[in-house]
Every structure is written in C-alpha cells, then in structure tokens.
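A structural walkthrough
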Amino acid sequence: MKQKNLIGLTLPALLCTLLWGSAFPAVKSGYALFGIGDEAACKLFFAGWRFMLAGVAVLVISVITSRKLVVPTRAQWPGILLLGLVQTTVQYVFFYIGLSHTTGVKGSVISAMATFFAVGISHCLFADDRLNMPKAMGCVLGFVGVLIITLSSLDGLSGGVSLTGEGFMFLAAAASGSGAVISKFAAKGQSPMVVTGWQLTIGGAVLLLAGIVGGGHFQTVSPQAFCLLGYLIFLSAAAFTVWTWLLKRYPVGKVSVYNFLVPVFGSLMSGVVLGETVFTVRNMLSLLLVCAGIVLVNRKKEQK
C-alpha cells in the first residue's frame, strides 16, 4: 500500500508542486529574456500567450484521452467564463505585474494565501464547509507567516513593500482562492480537465487581447526566450493535467495537502535560479508557518 501511494500519489503530487514552484523564477527570468521592463501591457502579452496555449494543450490532451472534443453546454458556459476571467485573467494580471515588483521568495509565500482565502470564502457560502478550530488555526498561522515575510521589508531588508508588488500578489492570491470556490460550480457535471482547458484558453485569450490593445509585445526574442515560454506552457498544462488525474483517483484532502510544497519549491528555486536570499530566520519561519497552516486546513478535510 505504501509503495502504491508513493508511485500513484506522492511522486505525481511532488512533480506538480515542483512545476508550480518553478514558475516563480521562470516568469521573472522571462522578463529578462524577452526584455520586458515596467510595461504592464508587455507582461500581459507574455502571460496571455502562456495560458492560452497551455489551455489549448490541456484540451488536446483531453481529446486524446476521451477521443472527442467536449464543448460545454449553454448552461455550463457562464460558470466556465466566470472561472476563466477570475482564476486566469484577473489572477495573472495581478500576479505578473506583482511578481515583477517583488522577489520570487516573497511572491511564492504570499501566493500560498490562496488556500486561506478559499477557506474563508467557502465558510461564507457553504453551510457544510464552515470554519472550525483546525481551519481557523491554519488560517491564522498562514496569515502570520505571510505577514512576517512581507513586513520584513519595512526594516530595509528587501527593498520595501509596495502596492504593485506585495499588494498585487495578495490580490492574485485572493483571485486564485475565489477561483477555487467558483470551480465547485463550474466543474459540476463536467470533466475537470475540460473545464480547466477551456478556462485557461479563454482567460489566456483575454490576457493576450488586453496586452495587444495596450501595445504589448516582446522587446527582444531569442531561442532561449521561446524555450522558456515553452517550458511555462508545458508546466501549466502538465501540472493541471496530472493534478486533475490525482483528484479523480484520491480524496481531495490527500491531494491538496501537498500544496504546502509550492511555496517551499518556489522559494528554493528562486534562490538557485535568481540568486535570491532564502535561508534567513525570517524566511524559514514564514515558510514554516505557511506550510503548517496549509497542512492544518487540509488535514481536517481528509479526516472528514
């Protein structure tokens, strides 16, 4: 049984969280390779290509596995459109702009707030998903952890706190958490992979259109830059596909608990790829509290 869980659950979950964690330094590296500076439209142009093509890739995988292209019904389109706008368009408008104004380490830790936003929103909307003591403690620990790494900038250690940096990363996490709740309605009666493919395609297309309208473009192009874009497309398509497969095979609590590894991998890889400082007392304490909070929030779901 342990061997089965290792191969069927643990290793695939580790792969997904590793891919998602690598997105933080990859996106920041993409800014340099494509010559993207402070131009917001260029960042949206970059994000749009990534998520639209990732959505197309997920739909292609869905066609290969089911041998048909599943088109949502008229009743399902409103939920999928809303999910695409919130979880892809809105989230990554704030994410791509915010990440360019903060470090990969702080960005990855703040992004973990999505789990706690989802818990809070679910408490308000679902009678069977109320806050209890473990969930409340998990949210408090996560918030304190994020507060530590964010406010550490006030003493001059990391260049200060800004609305368009840490503030936008908080808004991105809020959009992600809201999207997780919306997906409960949008995915009802439909394959999660199909819903993911369509929402990424639509949300990415809106990002790309917004970037084009704003004059966004790639300042410089090179084989290395397009390879990086290809990797970002691959990681989104692969991680979402494998994660969807895990959620279909295992209880949600057993899968979602691995989310605590995303900020861990994001921080470590930001240190390796971007040369950022990771192993400070504040960073480690912040990571520990956030990870403990995510585990507490999800462990109760598993027991339930």
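These notes cover the structure that comes with them. One numbering rule holds for all chains: residues counted from 1, following each sequence as written. For this predicted model, a pLDDT threshold of at least 70 governs which residues receive local features, and a threshold of 80 or more governs which side-chain atom pairs are given and counted, while totals over whole chains, interfaces and linings are taken from all residues. Values shown for side chains rest on all heavy atoms present in the structure; no hydrogens or waters enter the calculation.

The secondary structure content of the protein chain amounts to 12 helices and zero strands. The order of α-helices and β-strands along the protein chain, N terminus first, is α-α-α-α-α-α-α-α-α-α-α-α. Computed over C-alpha atoms, the radius of gyration of the protein chain comes to 19 Å, within 12% of the 19 Å expected from 2.2 N^0.38 for 304 residues, which places it in the range of a compact globule. Only protein chains enter the accessibility calculation, which uses a 1.4 Å probe; a residue whose area is less than 20% of its type maximum is buried, one above 50% is exposed, and one in between is partly exposed. Counting across all 304 residues of the protein chain, residues that qualify as buried make up 51%. Residue contacts are counted whenever heavy atoms from the two residues lie within 4.5 Å of one another. A sequence separation of at least 24 residues applies to 88% of the contacts in the protein chain between residues at least 6 apart. Taken as a whole, the protein chain presents about 13700 Å² of accessible surface, with 71% of it coming from carbon and sulfur. Residues scored as positive are Lys and Arg, those scored as negative are Asp and Glu, and His as well as the terminal groups of each chain are ignored. Taken as the charge centre is NZ of Lys, CZ of Arg, CG of Asp or CD of Glu, depending on the residue. Positive and negative side-chain charges of the protein chain, numbering 21 and 8 respectively, have mean locations separated by a distance of 16 Å. For helices the rule is a DSSP run of H or I covering at least 4 residues; for strands it is a run of E covering at least 2, with both sets numbered from the N terminus onward. Only C-alpha atoms enter the radius of gyration, while the globule expectation follows 2.2 Å times N to the 0.38, with N the number of residues. Only the protein chains shown count as cover for residues, and all accessible areas are computed by the Shrake-Rupley method using a 1.4 Å probe.

The working definition used for a salt bridge is a side-chain nitrogen of Lys or Arg within 4 Å of a carboxyl oxygen of Asp or Glu. By the definition in use, this model includes one salt bridge. Here K106 and E166 are joined by a salt bridge, their closest N and O atoms 2.7 Å apart. Remark: E166 occurs in helix 7 (residues 163-186) and K106 occurs in helix 4 (residues 104-111); sequence separation between them is 60 residues. On the basis of relative accessibility, which here comes to 1%, the residue E166 falls in the buried class.

In this section: the packing of aromatic side chains. The pairing test for Phe, Tyr and Trp rings, Trp by its six-membered ring, is centres within 6.5 Å, and the orientation test on the planes gives stacked under 30 degrees, edge-to-face over 60, and tilted for anything in between. Under the criterion given, the structure shown has 21 aromatic pairs. For the pair Y231 and F234, a centre-to-centre distance of 6.5 Å together with 40 degrees between the ring planes defines the contact as tilted. Pair noted here: Y231 and F234 are both in helix 9 (residues 223-249), with a separation of three residues, about one helical turn. For F234, a relative accessible area of 47% corresponds to the partly exposed category. Linked through ring pairs, F24, Y31, F34, F45, F46, W49, F51, Y92, F95, Y96, F218 and F226 together constitute an aromatic cluster. Any Lys NZ or Arg CZ found within 6 Å of a ring centre and within 35 degrees of that ring's normal is scored as a charge over the ring. For K43, the ring lying beneath its charged end belongs to Y31, and the centroid distance is 6.0 Å.

Before going further, it helps to spend a moment on a nonpolar patch on the surface. Grouping into patches uses exposed residues only, defined as over 30% relative accessible area, and leaves out salt-bridged ones; the cut-off is 9 Å for like charges and 5 Å for nonpolar side chains (Val, Leu, Ile, Met, Phe, Trp, Tyr). Side chains of V140, F143, V144, L147 and L151 sit close together on the surface and give an oily, nonpolar patch of about 400 Å² of accessible area. Within the secondary structure, F143 is located in helix 6 (residues 133-151). Note on F143: relative accessible area 42%, which makes it partly exposed.

Right, let's get into unusual backbone geometry. Residues other than glycine seldom take positive phi values, yet R67 does so here, at roughly 65 degrees. Locating R67 in the fold gives a position in the loop between helix 2 (40-66) and helix 3 (77-99).

Attention shifts here to the side chain of T244. Note on placement: T244 falls in helix 9. You can call T244 buried: its relative accessible area is 7%. Among all residues touching T244, those that are not within four sequence positions of it are P192, M193 and T196.

In this description, a disulfide is simply a cysteine sulfur pair whose atoms lie within 2.5 Å. Within the structure shown, the criterion is met by zero disulfides. Just so you know, C16 is unpaired, no disulfide at all, and the nearest cysteine sulfur is the one on C291, 17 Å from it. Among the residues examined, C16 registers a relative accessible area of 1% and is labelled buried.

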